[in-house]
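# Descriptive analysis of the structure
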Amino acid sequence: MWRALTNWSNWWDKAHSYSVKAEAIHLDPRGGGLLLERWDKNSVQHAVVLSAVAPSSLRMSGGFGQLQALPVNAILDFSLRGEGSGTQLTMTYRVAGTAANNLDTLAVPVDSVMSEGFSRLLNYAATGKP
């Protein structure tokens with residue numbers, strides 16, 4: 001599961017990228033590493049890795065999608081725990097900001113994209129295809 005999680009470009013939907021190329025997204029899974037999208041002469045930093053404790057947890061800081069342009073604090077946590085012959089994966093995305101950011105109106109679309117990504121990750125880990 002850790003290998004699947006850290007191979008972001010293999011499961012993230014290209015429709016939710018700036019380049020529309022999933023292969024342009026790369027994760028450096030170590031503290032200070034980046035979730036970075038590069039294509040042509042362009043680049044977007046999606047998140048900074050705060051902690052990577054293989055194979056049990058990955059924590060990143062970054063506002064995804066519409067949140068990137070806002071002054072928010074956003075933490076994406078993945079927790080992996082062995083369970084029987086498999087792994088239980090939990091994803092939590094916490095976003096904080098002021099009322100002026102209208103986070104209440106962004107919560108549903110952001111949650112939808114992140115939940116879709118989580119489903120694609122689970123499918124990729126289980127089948128090799130998102």
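The following refers to the structure shown. Just so it is clear, the structure is predicted and the values come from calculations on it, not from any experiment. (Residues numbered from 1 in each chain as written. Predicted model: local features only at pLDDT ≥ 70, side-chain atom pairs only at ≥ 80, totals over all residues. Heavy atoms only, no water.)

Okay, the overall build of the chain next. Counting its regular elements, the chain contains 2 helices and 6 strands. Helices and strands appear in the chain in the N-to-C order α-β-β-β-β-β-β-α. Radius of gyration (C-alpha) of the chain: 15 Å, near the 14 Å computed for a compact globule of 130 residues. Here the C-alpha coordinates of the chain stretch approximately 45 × 35 × 25 Å along the principal axes. A separation threshold of at least 6 residues defines the contact pool for the chain, and within that pool the share at least 24 residues apart is 36%. Computing the positive centroid from 11 side-chain charges and the negative centroid from 10, the chain places the two 7 Å apart. (Helix = DSSP H or I, 4+ residues; strand = E, 2+ residues; numbered from the N terminus. Rg over C-alpha atoms; globule rule 2.2 N^0.38 Å. Contact = heavy atoms within 4.5 Å. Lys, Arg positive; Asp, Glu negative; His and termini not counted. Charge placed at Lys NZ, Arg CZ, Asp CG, Glu CD.)

Here helix α2 (residues 103–127) contains 25 residues, and its C-alpha end-to-end distance of 35 Å stays within 8% of the 36 Å for a straight helix at 1.5 Å per residue. Along α2, the sharpest change in direction is near 25 degrees and occurs at P109. All of the buried residues in α2 are L103, L106, V110, M114, G117, F118, R120, L121 and Y124. Among the structural elements, α1 (2–6), β5 (73–83) and β6 (86–96) are those in contact with the buried residues of α2. In the stretch just after α2, G128 is the one whose phi turns positive, near 85 degrees. (Expected span 1.5 Å × (residues − 1). Bend = angle between axes of the 7 residues up to and from the residue. Buried < 20%, exposed > 50% of the residue type's maximum accessible area, 1.4 Å probe, protein only.)

Taken together, the 3 bridges between strand β1 (residues 25–27) and strand β2 (residues 34–39) define a ladder with antiparallel strand orientation. Within β2, the residue paired with I25 across the bridge is E37. What sits between β1 and β2 in their antiparallel hairpin is a turn of 6 residues, with G32 showing a positive phi close to 85 degrees. Where β2 lies against strand β3 (residues 42–53), 6 bridges are found, and the strand directions are antiparallel. Residue pairing for β3: L34 is matched across the bridge by V48. (Pairing = 2+ DSSP bridges.)

Further remarks concern the nonpolar core. Residues W8, M60 and F78 are the most contacted members of the largest nonpolar core, which totals 28 residues. Secondary-structure elements contributing two or more residues to this core are α1, β1, β3, β4 (57–61), β5, β6 and α2. If one sorts the elements of this core by residue count, α2 sits on top with 7 residues. Each residue touching W8, except ones within four places of it in the same chain, is listed here: I25, L27, L35, M60, F64, L76 and F78. (Core = buried A, V, L, I, M, F, W, Y, C linked by side-chain atoms within 4.5 Å.)

Turning to the side chain of H46, a few remarks are in order. Positionally, H46 belongs in strand β3. Only 2.7 Å separates the side chain of H46 from the side chain of E37, close enough to count as a polar contact. (Polar contact = N/O pair within 3.5 Å; in protein donor to acceptor, adjacent residues only side chain to side chain.)

What follows is about the pattern of salt bridges. Within this structure, the stated rule accounts for 4 salt bridges. Here D28 ties to R30 by a salt bridge, and the two come within 2.9 Å at their closest N and O atoms. D28 gets classed as partly exposed once you look at its relative accessible area, which sits at 28%. Note on R30: relative accessible area 55%, which makes it exposed. Between E83 and R81 there is a salt bridge, and its shortest N-O distance comes to 3.1 Å. (Salt bridge = Lys/Arg side-chain N within 4 Å of Asp/Glu carboxyl O.)

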